[in-house]
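If you want the building blocks of each chain, they are given just below.
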Amino acid sequence: NEELLRKAEKLSLIGELAAGIAHEIRNPLTSLKGFIQLLSPSLQDNKLYADIMLSELERINFIVSELLVLSKPQNLQIKSLSLVVLLQNVLALLASEANLKNIRFQTSFGKCPNIAGEENQLKQVFINVIKNSIEAISENGEIRISTRMLPNRQVLVRLADNGCGVSEEYIAKLGEPFFTTKEKGTGLGLMISSKIIKDHNGSFQITSKKNKGTVVKITLPIAEDQIGSS
Ligand code: ADP
Ligand code: MG
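Residues numbered from 1 in each chain as written. Chains lettered and ligands numbered in written order. Predicted model: local features only at pLDDT ≥ 70, side-chain atom pairs only at ≥ 80, totals over all residues. Heavy atoms only, no water.

S.K.: Summarise a nonpolar patch on the surface; cite the residues concerned and give the values.
M.R.: Where nonpolar side chains cluster on the molecular surface, the patch consists of Leu17, Ile21, Ile25 and Ile60 and spans about 350 Å² of accessible area. The greatest single-element share of the nonpolar patch, amounting to three residues, is contributed by helix H1 (residues 2–39). Its location among the elements puts isoleucine 60 in helix H2 (residues 47–68). (Patch = residues over 30% accessible without salt bridge, like charges linked within 9 Å, V, L, I, M, F, W, Y side chains within 5 Å. Areas by Shrake-Rupley, 256 points an atom, 1.4 Å probe, with all protein chains shown as cover. Salt bridge = Lys/Arg side-chain N within 4 Å of Asp/Glu carboxyl O. Helix = DSSP H or I, 4+ residues; strand = E, 2+ residues; numbered from the N terminus.)

S.K.: Give a description of the sheet that holds strand E4 (residues 142–149) that names residues and reports values.
M.R.: Reading across from one edge, E2-E4-E5-E7-E6 is the order of the five strands in this open sheet, with mixed pairing throughout. If you trace the sheet from one side to the other, it starts and ends with strand E2 (104–109) and strand E6 (203–209), each paired once. The average undirected angle you get between the axes of adjacent strands in this sheet is 10 degrees. When E6 meets strand E7 (residues 213–221), the two strands line up antiparallel, connected through seven bridges. By the bridge assignment for E7, serine 203 is matched with threonine 219. (Pairing = 2+ DSSP bridges. Axes fitted to C-alpha atoms, helices over the stretch in contact; angles between N-to-C directions.)

S.K.: Which residues make up the pairing of E6, and what values do they have?
M.R.: Covered by surrounding structure in E6 are Phe204, Ile206 and Ser208 only, the residues Ser203, Gln205, Thr207 and Lys209 on the alternate face being uncovered. With antiparallel pairing between neighbouring strands as the criterion, E6 and E7 make up a hairpin whose turn holds three residues, including asparagine 211 at a positive phi of roughly 65 degrees. (Buried < 20%, exposed > 50% of the residue type's maximum accessible area, 1.4 Å probe, protein only.)

S.K.: Break down the pairing of strand E5 (residues 154–161) for me, citing the residues and quoting the values.
M.R.: Within E5, seven of the eight residues are buried, leaving the element largely enclosed by the surrounding structure. With seven bridges joining them, E4 and E5 adopt antiparallel strand pairing. Within E5, the position partnered with threonine 147 by the bridge is valine 157. Hairpin geometry of E4 and E5 is characterised by an intervening segment of four residues between the two adjacent antiparallel strands and by a positive phi of about 60 degrees at arginine 153.

In structure tokens form, the structure reads like this:
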């Protein structure tokens, strides 16, 4: 919705700055990691501390790579893509994680034309959103993914889960950087996802009800080469 997009816009400047800093943080992190690994065998009884340091470094590295996505890649390759194939690839990637929790994927892909997009960025968006759904379901849930054509030359992807939902007091915070209710969350997934979709001239909307579930609606423009053929 408008509110999310406005937030994303305000954050894109901060995002670009953050991405620049993230790049600079990478090199010293790598050298820190190397030296801790070198030290580790000589620490003997204190080896546990080295392991903690390494796993904390891993976490910094993870957050930094999430931030890096905010920088506009130089070679943004917008191509005509099959959204259905892309979604199927993402679902295959997440299948084992879902299986572990007995979560079913229910898909209903209406016939839809190719969209205009950057494959890796869009994959990242759907991974973020579907991972959130997996994380929101404690066990035995369902994630429904459907696509359909809209009248305005856009394709709608609807992703719905019957997970824990978001309580009303937090709804406004969705998409704010670093807002997370998870112990190991970064609170960057939704912000990055809505920014990527906005960069694609699409729209990103999330609605949620506590203990009921969450619905994410994403629209993307169809590819130029498809206009008129549908
Ligand atoms: P993270 O997953 O690292 O916490 P996100 O930006 O992906 O960061 O999500 C932010 C917060 O929004 C989550 O911590 C969670 O509280 C809420 N949220 C997002 N998607 C869902 C969902 N499908 N079901 C329930 N809560 C969600
Ligand atoms: Mg997330």
